[in-house]
Structures are given as C-alpha cells and as structure tokens.
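Spelled out, the chains give:
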Amino acid sequence: MNFIFTEENLIKIEALKLRYPSPQALCLPCLWMAQHQEGYISINAIDAISETLGIAPMEVYRVATFYTMFHLEPQEKLNVQVCKTLSCKLCGSDAILEHLKNKEVNIIHTECLGSCGTAPVMQINDTFYENLTPEKVDAILKELL
Amino acid sequence: MRECKIVSKKFEIENAHTLAVAKKHGAYASLEKLKEYSPLEIINIIQESKLRGKGGGGASAAEKWALMPQTGDKPSFLVVNCDESEPGTFKDRQIISKDPHLLLEGILLTCYAIKAKHAYIYIRGEYFQFQKILQAAIDEAYAEGLLTECDITIHRGAGAYICGEKSALLESMEGKRGHPRLKPKQKEPEWFFNNPALVNNVETIASVPFIVQNGAEVYKAFGTKQSPGTLLFAMSGHVERPGVYEAEFGTSMMEYINHFGGGIKNGKKLKAVIPGGVSCGVLTAKECENLTLDYEALRHIGSSLGTGGMIIMDEDTDMIEALKNILEFYHEESCGQCTPCREGTGWSDKLVAKILDKRGTKEDIDKLLEIADTMDGKTICVFAPSVSIVIVSFISKFRDEFEAALCVK
Ligand SMILES: Cc1cc2nc3c(=O)[nH]c(=O)nc-3n(C[C@H](O)[C@H](O)[C@H](O)COP(=O)(O)O)c2cc1C
Ligand code: SF4
Ligand code: FES
C-alpha cells in the first residue's frame with residue numbers, strides 16, 4: 001500500500017521547511033509524523049519521506065533504525081517501557097518488571113527516562129507513570145487495556 | 001544553608017508555566033536591558049559572571065559565545081540541549097515544565113548576544129508531555145509579539161543517549177544518525193549545515209536572565225570563587241526525599257543530602273554516591289564526608305561534578321550489581337563508531353556479569369582494568385573515557401567486594 005502524508009501533515013512539513021536551512025533537517029520530524037499516522041514506520045513511508053526531502057531511502061532507513069523510539073513493525077500489544085537504569089533499579093524496578101510479566105503487554109526495558117527522582121518509572125505511549133508500585137501498575141493497566 | 005533560587009524561583013508558583021502568571025512574577029523583565037547593552041556587552045557580563053555550562057562539562061559559557069561570529073554572511077544559530085539522558089539527571093525537565101518562559105527569556109538574550117535569528121530546542125523524544133508545555137509557552141510568546149527578533153523551534157529526538165553530545169545532537173538535527181563528529185584542532189563554533197551554531201544546556205540558558213538583570217556581581221555572590229552561582233542539584237536512589245533542589249556551588253554534599261533529601265532512606269547508612277550522573281567516578285561514604293559540591297572539589301578527588309544529579313546508594317547496595325547496571329546502559333547506548341567503545345562496553349558488561357554470577361576470576365578483574373585502559377582517550381567522543389572512569393572507580397574503591405565474589409577454585 002502506498003503511504004501518503006495527510007493534508008494536515010503536508011502543511012506542517014511545508015511550514016517546517018521554512019524553519020531550517022535544509023529540508024534534510026526534517027528527517028526526524030517526518031519520521032515522527034509517519035509513525036503517528038500509521039502507528040509504525042512502513043517501508044512505503046520511508047520512500048515517501050525520501051521523496052519529500054530529497055534524501056536517499058536507504059539514508060532515511062538508516063536513521064529510522066538508529067533511534068529506539070521508531071518502530072519499523074506494526075505494534076500489536078500495548079508497549080510498556082519500564083526504566084531499568086540505576087536509580088530505578090535501586091528503587092525497585094525489578095519488582096515492577098516481575099509484576100508485569102504475565103500481563104497482556106509488550107514489556108520494553110528502557111534506559112533512564114529522566115525521571116529518576118520519582119523512581120520507579122514507566123512510560124506508555126507519551127505518558128510517564130512515576131513512583132510505581134505493583135498496585136499502581138494494575139490500576140494504570142486496567143484503565144488502558 | 002542559605003536559600004538561593006535563581007533558576008527555580010517560580011517552581012513552586014502555581015501555573016507559572018503560563019505567560020500571564022510568569023509575567024506577574026517578572027518574566028521577560030531582563031529584556032529591558034537590551035536597550036542598554038550591545039551584544040558584546042552582554043557577552044562581557046556573562047564573562048564577568050563566570051557562568052559555566054550546566055550540561056555536564058562546566059566550560060565557560062562566555063568563551064563559547066565569543067567564538068560565534070558577530071559579522072558574516074552566514075546565519076548563526078542557538079541550539080538548546082534538552083536531551084537530558086544522563087542517568088540520574090532530571091533537572092532540565094523541571095525548567096521546561098515549571099518555568100518554560102524563563103528558558104525562552106534566556107534564549108532571547110543569548111540570541112541577541114550571538115546575533116542568532118533562530119534558536120532550536122532539541123528535546124529528548126521521551127519528554128513529549130513536557131514538550132507540549134514548552135510548545136504552548138512558545139505559542140504564547142509568539143502571540144504576545146515576544147519573538148519578533150528571533151524564532152524558536154522545538155526539535156524532537158527519538159531515543160538515543162548519545163544525541164546529548166553536542167556534535168551528535170547537530171548530526172541528529174541534520175537528519176542523520178546521532179554520531180559524534182571528530183573534534184576540530186582549534187577552538188571554533190559548532191556547525192549546523194555549515195552555519196555557526198552555539199550549543200548550550202537548558203539550565204545554562206535559563207541562568208542568563210538573572211545575570212543580565214542583576215549583574216555579574218550579584219550572581220558571583222553565590223557559590224565559590226571558581227564555581228560561582230548555583231546549580232539545580234538533584235538526588236535519586238536511596239534518599240528519603242529525592243528531587244531537584246537548587247543550591248549554590250560549594251555547599252556541603254552531606255548537608256545537602258540531609259537538609260533537602262531528609263537523609264538516607266529508612267535510616268540506613270550511606271555507602272556510595274555517584275555525584276553527577278553515572279558518567280562520574282563513584283565516591284565512597286568516607287570521601288563524601290567533608291566534600292563540597294563544586295567543580296574543583298570533585299575534580300580534586302578524581303571524580304567530577306557532571307550534571308549535579310547525585311545517585312545515592314545505601315549500605316545494602318551490591319556494588320557489582322550497580323556497576324553491571326551502568327555497563328548495560330553504556331553497552332546499549334554506544335553509537336558504535338569507535339572499536340574500543342563498541343567492543344569495550346559489551347565485553348566489560350559480560351565480565352562483570354560473570355563476576356556477579358560468582359564465576360569470575362582474579363584475571364577477570366585485571367582484564368576489566370585493561371579494557372578500561374583501552375577505552376581511555378582513543379575515541380571520537382568522551383563517552384568511552386567516561387566508561388573507563390566508571391569501571392576504574394568502582395573496582396579501585398570497592399575492590400574487596402569484587403574479590404569476595406570471585407569463584408574460589
Ligand atoms: C555522551 C555525552 C552525553 C551528553 N549528554 C548531554 C545532555 O543530555 N544534555 C546536555 O545539556 N549536555 C550533554 N552533554 C554535553 C554536551 O556535549 C555539551 O557540552 C553541552 O550541551 C554544552 O552545554 P553547556 O556548555 O551549557 O553545558 C553530553 C556529552 C556527552 C559526551
Ligand atoms: S566513543 Fe563511543 S559513543 Fe563516542 S563516538 Fe566513539 S563509539 Fe560513539
Ligand atoms: S534511572 Fe529510571 S528514570 Fe532515571
């Protein structure tokens with residue numbers, strides 16, 4: 001299936017082009033738009049970005065695979081990103097990970113989310129959930145699943 | 001302990017992220033001074049204040065500003081570093097979500113001084129919640145006519161620690177992988193599509209309005225002679241009240257931990273502190289006893305102040321596990337350009353895993369130190385040398401713990 005940016009996104013892209021010395025700077029912004037539009041970044045979306053910005057498709061692909069927040073496959077389950085870095089580990093992230101094990105979610109172990117003062121922490125979609133306890137996790141998932 | 005709120009002044013005020021409330025509490029007042037001072041005079045004031053970069057390195061801000069051309073046919077850019085990915089660091093987030101107008105005010109002053117017409121704020125992808133607050137503030141500033149001299153655009157990252165390194169950040173903004181660039185031999189600006197660019201941390205820029213408004217002397221009244229002013233120090237880990245609390249340089253570390261943090265969690269004893277994000281050498285409780293929080297004191301004992309984000313570890317902490325945790329982070333985040341870094345992070349992680357698993361030998365400890373040595377000073381950026389410092393500090397300071405875990409044949 002062909003990938004076409006929505007009208008709204010096309011307007012955004014044209015407006016952004018005026019804000020940078022080169023359209024190549026729009027690589028990350030366009031990848032974000034594509035991911036928001038389809039839920040992931042398809043090969044067709046990569047082609048569309050390549051055409052819009054005048055960057056080789058392989059280069060867009062190389063960029064997309066470098067950054068951990070871009071998904072190149074459709075996401076079937078809810079992605080739960082649990083921070084496993086030191087401050088969260090010291091404050092009990094292992095228990096949170098253990099607690100999530102049997103849930104219908106896709107657990108992603110992430111590195112420090114910049115939220116160490118309210119550890120342990122997880123991120124779902126674009127939202128942070130902080131000062132987690134197993135009970136809190138249950139309540140959050142009940143809301144989302 | 002003396003209260004000093006230079007950057008965190010509006011943190012406790014409700015809705016200070018909105019223009020109306022921020023203005024009521026003095027936001028954008030320093031812009032008046034621009035009628036009085038030329039760009040070079042602003043740089044001089046910053047020079048006199050001895051403001052140091054707050055992104056981890058502590059370099060003189062004015063020295064970097066002075067590298068930007070005051071004349072020329074290429075446009076200059078300011079890039080504000082809000083990648084904030086150094087584990088233990090969560091201060092810039094407070095500024096952009098609680099007082100975003102302070103950052104915008106600092107951007108306007110800085111752009112005036114370096115003659116930039118456009119500023120970008122590179123924000124880590126995970127901070128989308130806070131990005132929205134920051135964008136709303138920018139929209140309000142546009143609507144109020146505050147951004148007529150200078151545009152501000154947020155650029156969202158997408159999950160890569162290394163993009164906090166300034167040249168990797170610019171590569172990322174140019175639409176490429178976040179690979180650090182080779183350092184130039186002479187001092188020069190950074191480059192964004194071959195145009196001169198200045199990269200500063202969020203907190204550095206947010207410190208500028210106070211200095212311009214009150215003068216260098218008032219700023220220098222805080223802190224020490226060589227590290228003047230304040231920092232948004234932070235605490236996480238085993239402490240009763242973790243969080244971000246502004247304090248002046250030269251504050252006693254233990255006093256800070258006890259006063260703001262309420263001491264070690266559950267009345268336990270302190271074992272170790274990583275002073276400013278994981279990339280700084282670990283300190284034993286004994287070393288922390290009479291330590292002050294400033295660049296010189298930390299350097300003096302072979303560590304560094306970094307971002308001022310302290311990770312506190314109590315007496316029950318397994319130091320081998322802590323080192324393993326940090327090495328996993330580094331292994332995950334190495335950009336892979338340099339062989340010592342790409343291979344060294346994975347290899348040392350494996351060796352520490354082996355020791356943690358009680359299968360390690362004395363040779364493994366020696367090997368770890370050898371790997372640390374090959375990672376020091378032979379790479380494009382200072383990521384690998386930081387890993388080296390971390391490994392050496394853990395092993396040299398907690399060697400008995402590593403040795404006790406070895407497999408006895
Ligand atoms: C591996 C690595 C990661 C870094 N991450 C950050 C970061 O997240 N935020 C930041 O402001 N500076 C970071 N820095 C420092 C920047 O390269 C740069 O020195 C800084 O943004 C300059 O701003 P300042 O002088 O105002 O501190 C990092 C450096 C390295 C080597
Ligand atoms: S030292 Fe590591 S992170 Fe830095 S450029 Fe080399 S491989 Fe990349
Ligand atoms: S260590 Fe988990 S948010 Fe920083």
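The shown structure was predicted, so the numbers you read here are calculated from the model rather than taken from an experiment.

Cut-off values and rules
Residues numbered from 1 in each chain as written. Chains lettered and ligands numbered in written order. Predicted model: local features only at pLDDT ≥ 70, side-chain atom pairs only at ≥ 80, totals over all residues. Heavy atoms only, no water. Near = heavy atom within 4 Å. Polar contact = N/O pair within 3.5 Å; in protein donor to acceptor, adjacent residues only side chain to side chain. Areas by Shrake-Rupley, 256 points an atom, 1.4 Å probe, with all protein chains shown as cover. Helix = DSSP H or I, 4+ residues; strand = E, 2+ residues; numbered from the N terminus. Buried < 20%, exposed > 50% of the residue type's maximum accessible area, 1.4 Å probe, protein only. Lys, Arg positive; Asp, Glu negative; His and termini not counted. Salt bridge = Lys/Arg side-chain N within 4 Å of Asp/Glu carboxyl O. Contact = heavy atoms within 4.5 Å. Arc of directions from axis to C-beta. Domains from an automatic or database assignment. Buried area = accessible area lost by both parts, 1.4 Å probe. Nonpolar A, V, L, I, M, F, W, Y, C, P; charged D, E, K, R; others polar. Pairing = 2+ DSSP bridges.

**Let's talk about the site of ligand 1**
Residues and elements named next belong to chain B.
- Close contacts around ligand 1 come from 18 residues, with Gly55, Asn81, Asn200, Asn201 and Thr204 the closest.
- Residue glycine 55 places a main-chain N or O atom 2.7 Å away from an oxygen atom belonging to ligand 1.
- Between a nitrogen atom of ligand 1 and a main-chain N or O atom of glycine 164, the distance comes to 3.2 Å.
- Starting from 610 Å² of accessible surface for ligand 1 in isolation, the protein chains cover 88%.
- A per-element tally of the shell around ligand 1 places strand S5 (residues 195-201) first, with 3 residues.

**Re the side chain of aspartate 83 of chain B**
All names here are of chain B.
- Mapped onto the fold, aspartate 83 is located in the loop between strand S1 (76-82) and helix H4 (92-98).
- For aspartate 83, which is buried and forms no salt bridge, the nearest opposite charge comes from arginine 124, at a distance of 5.8 Å.
- A distance of 3.0 Å separates the side chain of aspartate 83 from the backbone nitrogen of glycine 164, its partner in a polar contact.
- In this view, aspartate 83 contacts Tyr122, Arg124, Ala160, Tyr161, Cys163 and Gly164; residues no more than four positions away in its chain are not counted.

**Section: helix H7 (residues 134-144) of chain A**
All names here are of chain A.
- By the burial criterion, the buried members of H7 are Val137, Ile140 and Leu141. On an axial view of H7, the arc spanned by its buried residues comes to 95°, and they lie on one face. Across H7 from its buried face, at more than 90 degrees, point the exposed residues Glu135, Lys142 and Glu143.
- For H7, the secondary structure elements touched by its buried residues are strand S1 (78-83), helix H6 (93-100), strand S2 (105-110), strand S3 (122-124) and strand S4 (127-129).

**Describing the domain arrangement of chain A**
- Structurally, chain A comprises domain 1 (7-66) and domain 2 (78-144).
- Computed over C-alpha atoms only, the centres of domain 1 of chain A and domain 2 of chain A are separated by 30 Å.

**Side note on the interface of chain B and chain A**
- At the interface, 63 residues of chain B touch 40 residues of chain A.
- Roughly 3,900 Å² of surface becomes buried between chain B and chain A when both sides are summed, with 57% attributable to carbon and sulfur atoms.
- Area buried by chain B at its contact with chain A is led by Arg156, Ala158 and Arg177 of chain B, which between them contribute 17% of it.
- Seen at the junction of chain B and chain A, the total is 5 salt bridges.
- The tally of links between chain B and chain A comes to 28 residue pairs in polar contact (both at pLDDT 80 or more).
- The greatest single-element share of the side of chain B that touches chain A, amounting to 8 residues, is contributed by helix H13 (residues 319-333) of chain B.
- Here the side of chain B that touches chain A is built from residues that sort into 29 nonpolar, 20 polar and 14 charged.

**Some remarks on the side chain of glutamate 105 of chain B**
Residues and elements named next belong to chain B.
- Tracing the backbone through its elements, the reader meets glutamate 105 in helix H5 (residues 100-114).
- There is no salt bridge for the buried glutamate 105, and the closest opposite charge comes from lysine 10, which lies 5.4 Å off by N-O distance.
- If we skip the residues at most four places from it in the chain, glutamate 105 touches Ala27, Tyr28, Ala29, Ser30, Leu31 and Pro209.

**Thoughts on the sheet that holds strand S10 (residues 283-284) of chain B**
Residue and element names in this part refer to chain B.
- Across the sheet, which stays open at both edges, the 5 strands sit in the order S7-S6-S12-S9-S10 with mixed pairing between neighbours. Both edges of this open sheet fall to strand S7 (243-248) and S10, since each of them pairs with a single strand only.
- Looking at chain direction, strand S6 (residues 230-237) and S7 are connected through 6 bridges and run antiparallel. Each residue of the ladder has a partner; that of methionine 235, found in S7, is glycine 243.

**Remarks on the domain arrangement of chain B**
All names here are of chain B.
- Split into domains, chain B comes out as domain 1 (19-220), domain 2 (230-308) and domain 3 (319-404).
- Computed over C-alpha atoms only, the centres of domain 1 and domain 3 are separated by 34 Å.
- On the domain 3 side, the residues contacting the 12 residues of domain 1 number 7 residues.
- Together, the buried faces of domain 1 and domain 3 total about 810 Å²; carbon and sulfur atoms form 72% of this surface.
- The largest contributions to the domain 1 side of the interface with domain 3 come from Tyr161, Ile162 and Pro180, which together make up 53% of the buried area.
- Run the count over domain 1 and domain 3 and you get 0 salt bridges.

**Quick word on unusual backbone geometry**
- Cis geometry marks the peptide bond from alanine 119 of chain A to proline 120 of chain A, where omega comes out at -10°.
- Secondary-structure assignment places proline 120 of chain A in the loop between S2 and S3.
- Despite not being glycine, lysine 358 of chain B shows a phi value in the positive range, around 65°.
- Among the structural elements, lysine 358 of chain B can be located in the loop between helix H14 (339-356) and helix H15 (362-374).
- Relative accessible area serves as the criterion here: at 54%, lysine 358 of chain B is assigned to the exposed category.

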